[in-house]
Amino acid sequence: NAGVTQTPKFRILKIGQSMTLQCTQDMNHNYMYWYRQDPGMGLKLIYYSVGAGITDKGEVPNGYNVSRSTTEDFPLRLELAAPSQTSVYFCASSRQGSETQYFGPGTRLLVL
Amino acid sequence: GQNIDQPTEMTATEGAIVQINCTYQTSGFNGLFWYQQHAGEAPTFLSYNVLDGLEEKGRFSSFLSRSKGYSYLLLKELQMKDSASYLCAYALTSYKLIFGSGTRLLVRP
């Protein structure tokens, strides 16, 4: 199993541009999550999904959108990039809630 | 509200024992996680406590006291590769984790 994979690894965006961060897991996990991690800080939950077709907001959802059309994929969309969205983005998945979350390698995003 | 606190940095010597503390205040609690994160990498799972007491797993142990809102991670026989950040997180609900800012551990020879 590849586990949780994310693309791209690194991206530079200009203010106002949009992009989609891709996340795929091959463990047949029901739950998927998007976090952001700012330097020297813990992870903040952006959005999560408890199954295909079901998504909900986390702590810091503003400026982001998600969709979950399949069990495997959980893309994160930035519509109008802002410097405040410069961060490292981690996708994670778990079989059920309150179980171990497995993290992808992260996407480093710089908005200039 | 929700609050979680852990020391920013700790230093220890190779072969020694180190204890990383975590305190939290929350209205909902579904367990306490510890993750290890090496610089530039993803967090990896270390331990999960949902009941009070000590869970031992090789060189790593984790303790939880729900009544005190307190947990610690104990690392024995420290190795250089243990230099990393250690993230404490409690499960506010079954799917929502609240992370601390992490403790950066430096292991010196």
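Calculation criteria
Residues numbered from 1 in each chain as written. Chains lettered and ligands numbered in written order. Predicted model: local features only at pLDDT ≥ 70, side-chain atom pairs only at ≥ 80, totals over all residues. Heavy atoms only, no water. Pairing = 2+ DSSP bridges. Helix = DSSP H or I, 4+ residues; strand = E, 2+ residues; numbered from the N terminus. Axes fitted to C-alpha atoms, helices over the stretch in contact; angles between N-to-C directions. Contact = heavy atoms within 4.5 Å.

### Looking at the sheet that holds strand β1 (residues 4-7) of chain A
All names here are of chain A.
Next up, step 1: If you trace the four strands from one edge of the open sheet to the other, you get β1-β3-β8-β7, paired in antiparallel fashion. Taken across any chain shown, the strands that pair with only one partner, and hence form the sheet edges, are β1 and β7 (64-66). Within this sheet the neighbouring strands show an average axis-to-axis angle of 20°, counted without direction.
Next up, step 2: Two elements, strand β3 (residues 19-25) and strand β8 (residues 76-78), share three bridges in a ladder whose sense is antiparallel. Its bridge partner lying in β8, M19 is registered against L78.

### Quick word on the environment of A:T71
Residues and elements named next belong to chain A.
Next up, step 1: Considering the arrangement of structural elements, one finds T71 in the loop between β7 and β8.
Next up, step 2: The spatial distance from the C-alpha of T71 to the C-alpha of K14 is 32 Å, given a sequence separation of 57 residues.
Next up, step 3: Apart from residues no more than four positions distant in its own chain, T71 is found in contact with Q25, N28, H29, M32 and A52.

### Regarding the pairing of strand β5 (residues 44-49) of chain B
Residue and element names in this part refer to chain B.
Next up, step 1: Pairing of strand β4 (residues 32-37) with β5 involves five bridges; the strand directions are antiparallel. Residue pairing across strands places Q36 opposite T44, the latter belonging to β5.
Next up, step 2: Taking the residues that link successive antiparallel strands as the turn, the β4-β5 hairpin has six residues, and the phi of G40 there is positive, at about 80°.

No statement about biological role is implied by the geometric values presented.
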